[in-house]
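Residues per chain are reported as follows:
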Amino acid sequence: MTEVEYHPKHELIREERFPHVWCPGCGLGIELQCYLNALEKSGIPQNNHVLVSGIGCTARIPGYANLDTYHTTHGRGLPFATGMKIANPDLKVTVISGDGDLFNIGGNHFIHAARRNMDLLVICSNNFNYGMTGGQHGSTTPLTSKSASTPYGNIEPTFNLPYIASALGASYVARWTVMHPRQLTKSIRTAMDVKGFAFIEVLSPCPPNFGKFNGFKDGFEEMEFYRKSSVVQNDAKLEDISIDPFHGKDIVLGDFVNRKRASYITLEHELIDRIRGGGQ
Amino acid sequence: MIKEPKISENQREIWREPVNFGRFAVPKGEIHIFPERCKECNYCTNYCPNQVLERSPEVNVYGYHPVRVREDKKDSCVACGMCQSICPDFAIFVKEVKIQ
Ligand SMILES: Cc1ncc(C[n+]2csc(CCOP(=O)(O)OP(=O)(O)O)c2C)c(N)n1
Ligand code: SF4
Ligand code: SF4
Ligand code: SF4
Ligand SMILES: [Mg+2]
């Protein structure tokens, strides 16, 4: 008699939905596992964690987490999560979505959520392209790299996500890759305790699109490329860390910013208390 | 130094750190594989520090060759947890075996 065997993360995943939809070598499953490891260590009950996404391959991550999860419309994970956090501040709300979702169609929402220092954890999976729709370029595509829509190489400057998040006032900013599961888990765990806007960029291979267009034979070659091009520098000057790996520039990783700045929920509750107490 | 919070059995297996390495026995691991979930990305075979894993000649229902433990490396797993953390498909995990 053989017993049914479960993965150690059984309680936290919807195991009946596996194998998941992602391609061989796609990094998104590693990202999911790191998030769940951090969640386990957070000490916050599973019932209080909520996971929200927009649209894209990354945005399918919540569908595999055994939590209250919301798969919203394209680019709109942040306003949805903002509303939920304001309505129930006891929730630990995490938004996990792709580079295209959070910074292209949803870029304006990102700017304002970070400006407000809204109490949300935002994990952006950056695979440098629109994975789900066949690998078109966007604001995160590195210079001269190829994609379905830049067959001769990308001529547009690339968004530097940690620099943007920090300039807007985020309380916490980090960048890791899925090749650094332990550091990424620690970073997510730390960010779960942050008051205000916490932003983590996670570089992740997309073998059939970004990988294939740029000459990587498979996911492993792409992983190795990111591993070899990466350096950890927590005190990096953020304006210098744009991603440009095809011209010999190192990819800088680290926990860059962790500062105390009044968060939206704190200010809102102070305001409510003041007015209820008869103040102006 | 910041102390890690208390963690579950499985977690301990994953994040084991070689403290006072010489004074303790090298840990041993038992590998569990879900062959129907493996997509043959070869991350675990490449990143296992002891080359314990290999692609098997068998084919699963989705047409992939799932990984298996190498016959000559049956006792070489040190329960480091790398294969488990780097597997995007939740297709492999390790249990630490108690050494008396
Ligand atoms: C309003 C709207 N416009 C366009 C699309 C098509 N669409 C689906 S996913 C996607 C891009 C997602 O890219 P990203 O956020 O980087 O996710 P990835 O798939 O790379 O993880 C686009 C443009 C859509 N679903 N809805
Ligand atoms: S297209 Fe890219 S991002 Fe989407 S599942 Fe495949 S590898 Fe992952
Ligand atoms: S636990 Fe470590 S040593 Fe054992 S098979 Fe996995 S990667 Fe190899
Ligand atoms: S990492 Fe997972 S999916 Fe990839 S080859 Fe190993 S067991 Fe299979
Ligand atoms: Mg993308």
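What to know about the overall build of chain B
Step number 1: Secondary structure assignment for chain B yields three helices and four strands.
Step number 2: Listing every helix and strand of chain B by position from the N terminus yields α-β-α-β-β-α-β.
Step number 3: Every one of the 100 residues in chain B was classed for burial, and the buried ones make up 42%.
Step number 4: Sequence-distant contacts, at least 24 apart, represent 64% of the contacts inside chain B between residues at least 6 apart.
Step number 5: Put simply, chain B shows about 6100 Å² of open surface, and 55% of that area lies on carbon and sulfur atoms.

Things to note about the site of ligand 3
Step number 1: The full set of residues close to ligand 3 is I31(B), C48(B), P49(B), V52(B), C77(B), V78(B), A79(B), C80(B), G81(B), M82(B), C83(B) and V94(B).
Step number 2: Tallied by class, the residues present in the shell around ligand 3 amount to 11 nonpolar, one polar and no charged.

Focus on the environment of L102(A)
All names here are of chain A.
Step number 1: Along the polypeptide, L102 turns up in helix α3 (residues 99-105).
Step number 2: Separated by 26 residues in sequence, L102 and R76 place their C-alpha atoms 8.2 Å apart.
Step number 3: Discounting chain neighbours no more than four positions away, the residues touching L102 are L78, V95, S97, G107, F110, V122, I123 and C124.

Digging into the coordination of the magnesium ion (ligand 5)
Residue and element names in this part refer to chain A.
Step number 1: The protein atoms donating to the magnesium ion (ligand 5) are D99 (OD), N127 (OD1) and N129 (O), with metal-donor distances spanning 2.0 to 2.2 Å.
Step number 2: Motif for the magnesium ion (ligand 5), donor spacing along one chain: D-x27-N-x1-N. On the criterion of sequence distance, the pair formed by D99 in helix α3 and N127 in the loop between β4 (121-126) and α5 (161-167) is long-range, its members being 28 residues apart. As far as burial versus exposure is concerned, D99 and N127 are alike and both buried.

Quick look at the site of ligand 2
Step number 1: By nearness alone, every residue bordering ligand 2 is listed as W22(A), C23(A), C26(A), C57(A), N127(A), G131(A), C206(A), P207(A), P208(A) and N209(A).
Step number 2: Residues of the shell around ligand 2, tallied by class, amount to seven nonpolar, three polar and no charged.

With respect to the interface of chain A and chain B
The figure often quoted for interface size is the accessible area lost as the parts come together.
Step number 1: Facing 36 residues of chain A, the contacting portion of chain B comprises 29 residues.
Step number 2: Together, the buried faces of chain A and chain B total about 2900 Å²; carbon and sulfur atoms form 60% of this surface.
Step number 3: Connecting chain A to chain B are one salt bridge.
Step number 4: A salt bridge links E15(A) to R37(B); the nearest nitrogen and oxygen atoms lie 2.7 Å apart.
Step number 5: Counting across the chain A and chain B interface gives 10 residue pairs in polar contact (both at pLDDT 80 or more).
Step number 6: Those elements giving two or more residues to the side of chain A that touches chain B turn out to be α1 (28-41), α6 (181-192) and α8 (219-229) of chain A.
Step number 7: When residues in the side of chain A that touches chain B are grouped by element, the largest group, eight residues, is from α1(A).

Examining the sheet that holds strand β6 (residues 198-203) of chain A
Residue and element names in this part refer to chain A.
Step number 1: Strand order in the open sheet formed by eight strands is β2-β1-β3-β4-β6-β5-β8-β7, and the pairing between neighbours is mixed. Looking at strand neighbours, the two that pair on one side only are β2 (68-71) and β7 (230-232), the edges of this open sheet. On average, adjacent strands in this sheet sit at an angle of 20° to one another, irrespective of strand direction.
Step number 2: The strands touched by α6 are β1 (49-53), β3 (92-98), β4, β5 (172-177), β6 and β8 (251-258); relative to β5, the strand with the most contacts, the crossing angle is about 160°.

A closer look at unusual backbone geometry
All names here are of chain A.
Step number 1: The amide bond that connects F18 to the next residue, P19, takes the cis arrangement and shows omega of 0°.
Step number 2: Checked against the element boundaries, P19 lands in the segment before α1.
Step number 3: Look at F128: it is not a glycine, yet its phi comes out positive at around 65°.
Step number 4: Tracing the chain through its elements places F128 in the loop between β4 and α5.

Observations concerning the side chain of T69(A)
Residues and elements named next belong to chain A.
Step number 1: Within the secondary structure, T69 sits in strand β2.
Step number 2: Polar side-chain contacts of T69 include one of 3.1 Å to the side chain of R14.
Step number 3: Among residues more than four places away in sequence, those in contact with T69 are R14, L51 and P62.

Quick notes on the packing of α1(A) against α6(A)
All names here are of chain A.
Step number 1: Close contact between α1 and α6 brings their axes to 8 Å; oriented N to C, the two are set at 50°. Accordingly, the angle class assigned to the pair α1 and α6 is oblique. Where α1 crosses over α6, the handedness of that crossing is right-handed. Here I30, C34, Y35, N37, A38, L39 and K41 of α1 lie close against α6, whose contacting residues are P181, L184, T185, I188, R189 and M192.
Step number 2: The residue inventory of the contact of α1 with α6, partitioned by class, reads nine nonpolar, two polar and two charged.

About the criteria used
- Residues numbered from 1 in each chain as written.
- Chains lettered and ligands numbered in written order.
- Predicted model: local features only at pLDDT ≥ 70, side-chain atom pairs only at ≥ 80, totals over all residues.
- Heavy atoms only, no water.
- Helix = DSSP H or I, 4+ residues; strand = E, 2+ residues; numbered from the N terminus.
- Buried < 20%, exposed > 50% of the residue type's maximum accessible area, 1.4 Å probe, protein only.
- Contact = heavy atoms within 4.5 Å.
- Areas by Shrake-Rupley, 256 points an atom, 1.4 Å probe, with all protein chains shown as cover.
- Near = heavy atom within 4 Å.
- Nonpolar A, V, L, I, M, F, W, Y, C, P; charged D, E, K, R; others polar.
- Donors = N, O, S within 2.8 Å, 3.2 Å for Na, K, Ca; no water.
- Buried area = accessible area lost by both parts, 1.4 Å probe.
- Salt bridge = Lys/Arg side-chain N within 4 Å of Asp/Glu carboxyl O.
- Polar contact = N/O pair within 3.5 Å; in protein donor to acceptor, adjacent residues only side chain to side chain.
- Pairing = 2+ DSSP bridges.
- Axes fitted to C-alpha atoms, helices over the stretch in contact; angles between N-to-C directions.
- Parallel < 35°, antiparallel > 145°, perpendicular 65-115°, else oblique.
- Left-handed = near helix turned anticlockwise from the far one by under 90°.

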